[in-house]
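Each chain, letter by letter, is given below.
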Amino acid sequence: MDYNKIIFVCKENVYLSPMAEWIMKGILMDKSKEICSRGLVVLFPEPRNMKVTDVLMNHAVPCEEQVSQEFDKAEVDDQTLVIAMNFPEKVKLVEEFGLTENVFTLKEFVDEEEDIIDPYGGDEEAYDDCYVELKDLLYRVKRKLDWR
């Protein structure tokens, strides 16, 4: 499939999906591809978690200020890859939004099992470990998509 957009989805769009969004934007040379992140439970616009911002800055990943945004099925077309950060989010995307094609968990897309370790409530080391895992997985996504 020739995707031109990735939407990373997590529960609240303040931890995992924004981290994945900015890491992917940092490693992707082809700026014609759209990369964004959304949440499934966004009651009000909330800023990205400061620990996420800190770990991105510590790894020299350029990132702009952002607030959480709710997932909207209208943003998805047949060239959109929807990547749920973990299995419960994928289930909700399938059951509540009726998405059945081009929806994967991040690890599923790169042929791995399990879920990503959520750093929520952890210290800086937990967020750094999550960054390292995400970066590796996202380079693999880039290779699998054959994106520059």
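Residues numbered from 1 in each chain as written. Predicted model: local features only at pLDDT ≥ 70, side-chain atom pairs only at ≥ 80, totals over all residues. Heavy atoms only, no water.

> Describe in detail the packing of helix H1 (residues 16-27) against helix H5 (residues 124-145), supporting the description with residues and values.
Two numbers describe how H1 lies on H5: the axes approach to 9 Å, and their chain directions differ by 50°. Overall, the two elements H1 and H5 adopt an arrangement that is oblique. The crossing of H1 and H5 is right-handed. Only Tyr-127, Cys-130, Tyr-131, Leu-134, Lys-135, Leu-138, Tyr-139, Val-141 and Lys-142 of H5 make contact with H1, whose side of the interface consists of Leu-16, Met-19, Ala-20, Ile-23, Met-24 and Ile-27. (Axes fitted to C-alpha atoms, helices over the stretch in contact; angles between N-to-C directions. Helix = DSSP H or I, 4+ residues; strand = E, 2+ residues; numbered from the N terminus. Parallel < 35°, antiparallel > 145°, perpendicular 65-115°, else oblique. Left-handed = near helix turned anticlockwise from the far one by under 90°. Contact = heavy atoms within 4.5 Å.)

> Any chance you could break down the packing of H1 against helix H2 (residues 50-58) for me, citing the residues and the numbers?
Packed helix pairs are characterised by how far apart their axes lie and by the angle those axes make with each other. Put simply, H1 and H2 touch, their axes get as near as 10 Å, and they point 20° apart. Taken as axis vectors, H1 and H2 run roughly parallel relative to one another. When you trace H1 past H2, the crossing you get is right-handed. In this structure, H1 contributes Met-19, Trp-22 and Ile-23 to the contact, and H2 contributes Val-52, Val-55 and Leu-56. Partitioning the contact of H1 with H2 into residue classes produces six nonpolar, no polar and no charged. (Nonpolar A, V, L, I, M, F, W, Y, C, P; charged D, E, K, R; others polar.)

Just geometry here; none of it tells us what the structure is for.
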